[in-house]
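Structure assessment
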Amino acid sequence: MSSLSKQNLQESPRGGQFLTTPWTIVVSHARAGDTAAREQLCRLYWYPLYAYLRREGCAPHNAQDLVQGFLAALLARDGLREVARVKGRFRSFLLACLKNYQKDQWSREQAVKRGGHALIFSLDETVAEEHYRREPTDGVDPAKLYERAWAQAVLDRALARVERKFTQAGQEAVFVALAPFLRGERVAENHAQLGARFGLTEQAMRVRVHRLRAEYRQVLREEVGATVLDAPEVDEELAHLYRVLTT
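Criteria and cut-off values
Residues numbered from 1 in each chain as written. Predicted model: local features only at pLDDT ≥ 70, side-chain atom pairs only at ≥ 80, totals over all residues. Heavy atoms only, no water. Helix = DSSP H or I, 4+ residues; strand = E, 2+ residues; numbered from the N terminus. Buried < 20%, exposed > 50% of the residue type's maximum accessible area, 1.4 Å probe, protein only. Areas by Shrake-Rupley, 256 points an atom, 1.4 Å probe, with all protein chains shown as cover. Expected span 1.5 Å × (residues − 1). Polar contact = N/O pair within 3.5 Å; in protein donor to acceptor, adjacent residues only side chain to side chain. Contact = heavy atoms within 4.5 Å. Phe/Tyr/Trp six-rings, centres within 6.5 Å; stacked < 30°, edge-to-face > 60°. Core = buried A, V, L, I, M, F, W, Y, C linked by side-chain atoms within 4.5 Å. Salt bridge = Lys/Arg side-chain N within 4 Å of Asp/Glu carboxyl O. Axes fitted to C-alpha atoms, helices over the stretch in contact; angles between N-to-C directions. Parallel < 35°, antiparallel > 145°, perpendicular 65-115°, else oblique. Left-handed = near helix turned anticlockwise from the far one by under 90°. Nonpolar A, V, L, I, M, F, W, Y, C, P; charged D, E, K, R; others polar. pLDDT = per-residue confidence, 0-100.

Moving on, we get to the overall build of the protein. The helix and strand tally for the protein stands at twelve helices and zero strands. Buried positions account for 46% of the 247 residues belonging to the protein. Of the roughly 12900 Å² that the protein leaves accessible, carbon and sulfur atoms contribute 48%.

Given below as structure tokens:
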């Protein structure tokens, strides 16, 4: 998994507001049949749930069927109605629901098979399994792996949003060169070399990197803000995300 520095995770940009779509709103739209909202839920939580089941001992195809069937049943049977009364993190609620789903034999029998029409969501199951095989094998328990996969999914969504903005502005090459600063990876070129490559001074490149980090932190806060009930919980959740990825 890619890493992120503690500074990137915990610093917040000064001023401005971040627009969020709290999971309660996303869920209400999903319940109403909003395809985009359903897909948003599935994209963020499908792999973490899959990784949890695989670590629990499920075979790949069984895990795929269970997750697909679970999410389909949750939506089709209006299982998300309980969310309105849930206090706490949606990811915790979802994992508890999955555990209950596993225990219900009738749910297993009625699970929607891979590619079923209920989810309206395209899943690349081969990629999911390849991703799972790269997970650590040091005895990480299923629940912790679920948390880690969730945290990584949040980071990936934030990074993809920033990349999309650069691409739309015709600056994809700039993003590729500067992305390692966001991932906490070793950067092959120093600021002076990077500046020379893009026609900037060393100081101008340092400012560009600083602004990029600030923008990424902003987007990351928005993504985390969409997974909690109240804005004050964002900092707490960011700290939790950092602990999950570094311990």
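With 27 residues, helix α8 (residues 142-168) extends 38 Å between its outermost C-alpha atoms, agreeing within 8% with the 39 Å of an ideal straight helix rising 1.5 Å per residue. Capping of α8 at its N-terminal end is provided by Asp141; its side-chain oxygen lies 3.0 Å from the backbone amide nitrogen of Ala143. Backbone geometry just downstream of α8 places Gly170 in the positive-phi region, at approximately 75°.

Turning our attention to the side chain of Arg91. Here Arg91 shows up in helix α5 (residues 90-103). Side chain to side chain, Arg91 and Glu237 meet in a polar contact 2.7 Å long. When neighbours within four sequence positions are excluded, Arg91 is seen to be in contact with Tyr45, Tyr146, Glu147, Trp150, Glu237 and His240.

This part covers the packing of aromatic side chains. Across all of its chains, the model carries four aromatic pairs by this definition. With a centroid separation of 6.2 Å and 40° between ring planes, the pair formed by Tyr47 and Tyr50 is classed as tilted. Linking Tyr47 with Tyr50, this pair stays in helix α3 (residues 35-55), spanning three residues, or about one helical turn. You'll find Tyr47 and Tyr50 in the same group, each marked buried. With 5.7 Å between their ring centres and 50° between their planes, Phe166 and Phe175 make a pair best called tilted.

Among the nonpolar cores identified, the biggest contains 60 residues, and Tyr45, Leu49 and Phe70 are the most heavily contacted of them. Secondary-structure elements contributing two or more residues to this core are α3, α4 (60-76), α5, α7 (125-133), α8, α9 (172-183), α11 (202-225) and α12 (233-246). Here this core takes twelve residues from α8, the largest share from any one element.

Quick look at the pattern of salt bridges now. Any two side chains of opposite charge can pair, given that their charged atoms come close. Under the definition given, this model contains eleven salt bridges. A salt bridge links Asp235 to Arg221; the nearest nitrogen and oxygen atoms lie 2.7 Å apart. A residue pair is termed long-range when its members are at least 10 positions apart, and Asp235 in helix α12 and Arg221 in helix α11 qualify at 14 residues. With relative accessibility at 44%, the residue Asp235 sits in the partly exposed group. Connected through shared salt-bridge partners, Arg157, Arg161, Glu222 and Glu223 make up one network.

Under the 1.5 Å per step criterion, the end-to-end length of α12 is 20 Å for 14 residues, consistent within 8% with the ideal 20 Å. Regarding α12, the residues found buried are Glu233, Val234, Glu237, Leu238, Ala239, His240, Leu241 and Val244.

For the rest of this paragraph, the subject is the packing of α5 against α8. The geometry of α5 relative to α8 is characterised by a closest axis approach of 12 Å and an angle of 135° between their N-to-C directions. Put simply, α5 runs oblique to α8. The hand of the α5/α8 crossing is right-handed. Residues Arg91, Leu94 and Leu95 of α5 pack against Tyr146, Glu147 and Trp150 of α8.

This brings us to the packing of α8 against α12. One way to put it is that α8 packs onto α12 with a least axis distance of 9 Å and a crossing angle of 115°. For the element pair α8 and α12, the recorded crossing hand is left-handed. Where α8 abuts α12, its residues Glu147, Arg148, Trp150, Ala151, Gln152, Val154 and Leu155 lie against Glu237, His240, Leu241, Val244 and Leu245. Residues of the contact of α8 with α12, tallied by class, amount to seven nonpolar, two polar and three charged.

Quick look at the confidence of the model for the protein now. Within the protein, residue pLDDT values average 77, and 70% of them lie at 70 or more. Considering each helix and strand of the protein separately, the mean pLDDT is smallest for helix α1 (residues 6-10), with a value of 43, and largest for helix α10 (residues 191-197), with 96. Note that pLDDT drops below 50 for residues 1-21; the model gives that stretch 47 contacts with residues more than four away or on any other chain.

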